Amino acid sequence: MPFALFQRRRGNLTVVGVALLLALATIETRGQTSASPANPPGAIGGEQPDDQAATFVFKKEVREVILHGTVVDEQRRLVTNLERAAFTVFEDGVPQATTSFHRDDVPVALGIVIDNSGSMRDKRDKVNQAVLNLIRAGNPNDETFVVNFSQEPYLDQDFSSNVDLLQQALQKTSTQGSTALYDAIVASSVHLNNNPRVERKILLVITDGRDNASQETLQEATRRLQQENGPTLYAIGLLGDELQKSDSGPLRSLSESTGGVSFFPQSLDEVDDITRTIARDIRSQYTIGYKPTNHSQNGTYRAIEVKAQARGYRNLTVRTRSGYYPGGTVR
């Protein structure tokens, strides 16, 4: 599937392209010789000293990896008052020195990705209201887009802070067709990462069934989410008792790999409380940055673990992404 979302406009479909951003290493060139401004080495008429030659030093910029993490105590309660010294970051088991840290409520780029298949027909009203409550509980400078998907993902509202526009997009439901969940996640993740204005990126995925139409696989969706500085994914699975045992695995896997959480309510009445919980979770995240000691950009997966210790707390758990593919691309 091409990494694109489709947008409804006056009854016609127009493709909105979403290209991947590639991380390019910067090259710093330093001349190691001195020269007269009038006759620099290499210029016509210039002379090189006998005992020196121009030397060019190539340096790859070491990119900062940004982690967004939520901390909970033994009772699964949010812990929001930790200092930088409480955290230790490991990449492939090697401790990393943190280069930045903050716990401010900063704006997020939020992608709302909602199942629009036929089985969602009777659920959308309550789902839409719960999502609106999450949006209203956010930072007023959040930038949110809405994707409704069945067999294809439709971008019904691009990034906006206007609640009225977002509400209109949530109401553009057709509730028919099959469920291409992984295609919608991949396309929405790419679109989300193409927003350079906001650092923190969140996907909220709501569905009531298994993927039965995607060209992409669960593995590819996971790899796409795990690109460097990728989004945190929260999932709400409206699966019911029968499907939870067999179909909850993919949503759990996708969310946990990014530091998010998956929820499986027993009834629609629980969805509003869940979105409020997600809103609190988003607003309570720590942001931790580090520059990896491993400077390779070969695209090999790197495992991440973050630990926290602080006086007065036992067995703190830091929920963040489990790893990433360096360089901004997935191979």
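Predicted model only: the values in this text are computed from it and were never measured. (Residues numbered from 1 in each chain as written. Predicted model: local features only at pLDDT ≥ 70, side-chain atom pairs only at ≥ 80, totals over all residues. Heavy atoms only, no water.)

*Asks:* I'd love a proper account of the environment of proline 292, names of residues and values included.
*Replies:* As for its placement among the helices and strands, proline 292 is situated in the loop between β13 (286–290) and β14 (302–308). On the accessibility criterion, proline 292 (6% relative accessible area) is buried. Sequence separation of proline 292 and alanine 97 is 195 residues, and the distance between their C-alpha atoms is 8.3 Å. (Helix = DSSP H or I, 4+ residues; strand = E, 2+ residues; numbered from the N terminus. Buried < 20%, exposed > 50% of the residue type's maximum accessible area, 1.4 Å probe, protein only.)

*Asks:* With reference to specific residues and values, describe the packing of helix α3 (residues 181–193) against helix α4 (residues 218–225).
*Replies:* The N-to-C vectors of α3 and α4 enclose an angle of 15°; their axes lie 9 Å apart at closest approach. Taken together, the axes of α3 and α4 are roughly parallel relative to one another. At the point where α3 passes α4, the crossing takes the left-handed sense. Contact residues: Tyr182, Ile185, Val186, Ser189 and Val190 in α3; Leu218, Ala221, Arg224 and Leu225 in α4. A per-class count over the contact of α3 with α4 returns 7 nonpolar, 1 polar and 1 charged. (Axes fitted to C-alpha atoms, helices over the stretch in contact; angles between N-to-C directions. Parallel < 35°, antiparallel > 145°, perpendicular 65-115°, else oblique. Left-handed = near helix turned anticlockwise from the far one by under 90°. Contact = heavy atoms within 4.5 Å. Nonpolar A, V, L, I, M, F, W, Y, C, P; charged D, E, K, R; others polar.)

*Asks:* Describe the sheet that holds β13, with residues and values.
*Replies:* Pairing is antiparallel across the open sheet formed by 4 strands, whose spatial order is β6-β13-β3-β15. At either margin of the open sheet sits one strand with a lone partner, and together these are β6 (98–102) and β15 (317–319). The mean inter-strand angle of the sheet, taken between neighbouring strand axes irrespective of direction, is 30°. Two strands pair when backbone bridges link them, and strand β3 (residues 65–72) and β15 are joined in this way by 3 bridges, in the antiparallel orientation. What sits directly across from valine 72, in β15, is threonine 317. (Pairing = 2+ DSSP bridges.)

*Asks:* Quick rundown of the sheet that holds strand β4 (residues 87–91)? Include the residues and the values.
*Replies:* Overall, antiparallel pairing links the 4 strands, which are arranged β5-β4-β14-β16 in an open sheet. The two strands at the open ends of the sheet, each matched to only one other strand, are β5 (94–96) and β16 (323–324). Pairing geometry for β14 and β16, over 2 bridges, is antiparallel. Its bridge partner being in β16, arginine 302 is matched across the sheet by tyrosine 324.

*Asks:* Explain the packing of aromatic side chains to me, using residue names and the numbers behind them.
*Replies:* Enumeration according to the criterion identifies 5 aromatic pairs in this entry. With a centroid separation of 5.0 Å and 80° between ring planes, the pair formed by phenylalanine 145 and phenylalanine 159 is classed as edge-to-face. Of this pair, phenylalanine 145 sits in strand β8 (residues 143–149) while phenylalanine 159 is found in strand β9 (residues 153–160), placing the two residues 14 residues apart along the sequence. Exposure remark for phenylalanine 145: the relative accessible area of 0% places this residue in the buried category. (Phe/Tyr/Trp six-rings, centres within 6.5 Å; stacked < 30°, edge-to-face > 60°.)

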